[in-house]
Amino acid sequence: MSAIEPGSEDHKHYFCQQFLDTHQVFDPETLPWPELTEEELARLRAVPFWQEVYHTERRAGAIVDAFTPQISDPVVREAVRLQGYEEARHAELIRVMIERYGLDARKQPIERFPADLETAFIDFGFGECLDAFLGFGAFKSARQSQFLPEAMFEIFDVLMFEETRHIVFFINYMAWREKRRGLGRARRSAKSFRFYMRALGRLLGMVRRGQQPNDGHDFAVTQTNLFLDGFSFRGFVEDCYRENARRMTAFDPALMQPRLLPGIADLALRGLRLWDRRRTKAG
Ligand SMILES: [Fe+2]
Ligand SMILES: [Fe+2]
């Protein structure tokens, strides 16, 4: 952040106002949903995670809504309230898609939240940062492979933009919150790292659960191959890193942006490049 001191009142007004100003008005029902061919429909239906996505968005809306009234600062409260509205609209968007294309995903009961709603909100925020960063790379490969028609990706792009906006807001919110509580930079980074590890643990838990045999929801081998054909870990990390940088250019450079995950990805990529160079030399 250049001129605005993180954690200051100016900072608070700035990131909250930015968030309100960049809100987009749309109704999920009237988005330009494309007609899909039988083959495209089959592919869309074979994606095994619609239920998870639907539930995650509904849960997101519920956590943010529950936490909103507890925020004492009226400016921050208004911004978080808007995020809650947007999360609920994401769930609505997924519901419209499920119904329109006859996808196999149901509404699941939302689990009880812990008594400490602020920690639940922070856990959710770091989870969004991790999901968005990995999602950037996955979205790019899926789009490039033309897994679905471009019109579909344009709709998902609306969602991706909003999630990116949420993580930018969250990073600024956290910096503001921690600064007010007197946490210096080093302790803030250590705390972020700890929360990211928790988010990673939850994500891995979800992946593990997804791999267990379930009631016919397994991703067909052919579909997996479609995604994983020519998959390279390094290519994926590169995509995440580049797409993160590209998507961040849509935001005011005066706002703080997520740094930790792009930083780790950058370090990993440098390491891999060095490793490659050594190997070619040795060979
Ligand atoms: Fe969302
Ligand atoms: Fe979000």
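So, how was this worked out
Residues numbered from 1 in each chain as written. Chains lettered and ligands numbered in written order. Predicted model: local features only at pLDDT ≥ 70, side-chain atom pairs only at ≥ 80, totals over all residues. Heavy atoms only, no water. Helix = DSSP H or I, 4+ residues; strand = E, 2+ residues; numbered from the N terminus. Expected span 1.5 Å × (residues − 1). Bend = angle between axes of the 7 residues up to and from the residue. Contact = heavy atoms within 4.5 Å. Polar contact = N/O pair within 3.5 Å; in protein donor to acceptor, adjacent residues only side chain to side chain. Donors = N, O, S within 2.8 Å, 3.2 Å for Na, K, Ca; no water.

> Honestly, helix α5 (residues 117–144) in this entry has me stumped. Any pointers?
Given 3.6 residues per helical turn, the α-helix brings residues three or four places apart onto the same face. In this model, α5 (28 residues) spans 39 Å end to end at C-alpha, consistent with the 40 Å of a helix rising 1.5 Å per residue. Considering bend angle alone, the principal kink of α5 is centred on glycine 135 and spans about 30°. Two residues or fewer after α5 comes glutamine 146, characterised by a positive phi angle close to 50°.

> Quick question: what am I supposed to make of the environment of isoleucine 63 here?
Here isoleucine 63 is to be found in helix α3 (residues 50–67). Linking isoleucine 63 and phenylalanine 251, residues 188 residues apart in sequence, is a C-alpha distance of 25 Å. If we skip the residues at most four places from it in the chain, isoleucine 63 touches Phe113, Ala120, Phe121 and Phe124.

> What is the right way to look at helix α4 (residues 74–101) in this model?
Helix length check: α4 (28 residues) gives 41 Å between terminal C-alpha atoms against 40 Å at 1.5 Å per residue, within 8%. The opening residue of α4 is aspartate 73, an N-cap whose side-chain oxygen sits 2.9 Å from the backbone nitrogen of valine 75. Glycine 102 sits one or two residues past α4 and shows a positive phi near 60°.

> Teacher, can you tell me more about the coordination of the iron ion (ligand 1) here?
Reference values for coordination geometry: four tetrahedral donors around a metal ideally subtend 109.5 degrees, six octahedral donors ideally subtend 90 or 180 degrees. Looking at the iron ion (ligand 1), one finds its protein donor set to be Glu57 (OE), Glu87 (OE), His90 (ND1) and Glu163 (OE), positioned 2.0 to 2.2 Å from the metal centre. Here the donor residues for the iron ion (ligand 1) map to a single chain with the spacing E-x29-E-x2-H-x72-E. Taken as an interatomic distance, the gap from the iron ion (ligand 1) to the iron ion (ligand 2) is 3.4 Å; glutamate 87 donates to each of them. Taken as a pair, glutamate 57 in helix α3 and glutamate 87 in helix α4 lie far apart in primary sequence, 30 residues in all.

Function cannot be inferred from these measures alone, as they are strictly geometric.
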